[in-house]
Amino acid sequence: GSARDRAAVLLSVIPGLGHIYKGHRVFGALVMAGSVIAISFCLLGGFASAGWGMLLLPLYWIGVMMHVYFLEDLVALGKPKR
């Protein structure tokens, strides 16, 4: 991976921001909106299962970070942004 890939992973601490950085603006906005829903369900699952549901949240974040790492970088390639 390039330095831009690693920077996108670091920006994905806020899910969706790394996608926007790599030029996938619409998908990044969808990931940001979906993160609110995912965090809400993880909190609900955490309350319902005495905290075990909160283990899903790091899995979600790792999945988003892996996706942005392997995603094509539209900005570096000079392609139009989607």
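The structure we're discussing is the one just above.
Residues numbered from 1 in each chain as written. Predicted model: local features only at pLDDT ≥ 70, side-chain atom pairs only at ≥ 80, totals over all residues. Heavy atoms only, no water.

Section: the pattern of salt bridges
Phase 1: Summed over all chains, the structure comprises 2 salt bridges.
Phase 2: For the salt bridge of Asp 73 with Arg 4, the shortest nitrogen-to-oxygen distance reads 2.6 Å. Taken together, the residues Asp 73 in the loop between helix H4 (56-70) and helix H5 (74-77) and Arg 4 in helix H1 (residues 3-11) connect sequence positions 69 residues apart.
Phase 3: Of the residues examined, Asp 73 reaches a relative accessible area of 9% and is grouped as buried.
Phase 4: A residue is classified by how much of its surface remains accessible, and Arg 4, at 23% relative accessible area, is partly exposed. (Salt bridge = Lys/Arg side-chain N within 4 Å of Asp/Glu carboxyl O. Helix = DSSP H or I, 4+ residues; strand = E, 2+ residues; numbered from the N terminus. Buried < 20%, exposed > 50% of the residue type's maximum accessible area, 1.4 Å probe, protein only.)

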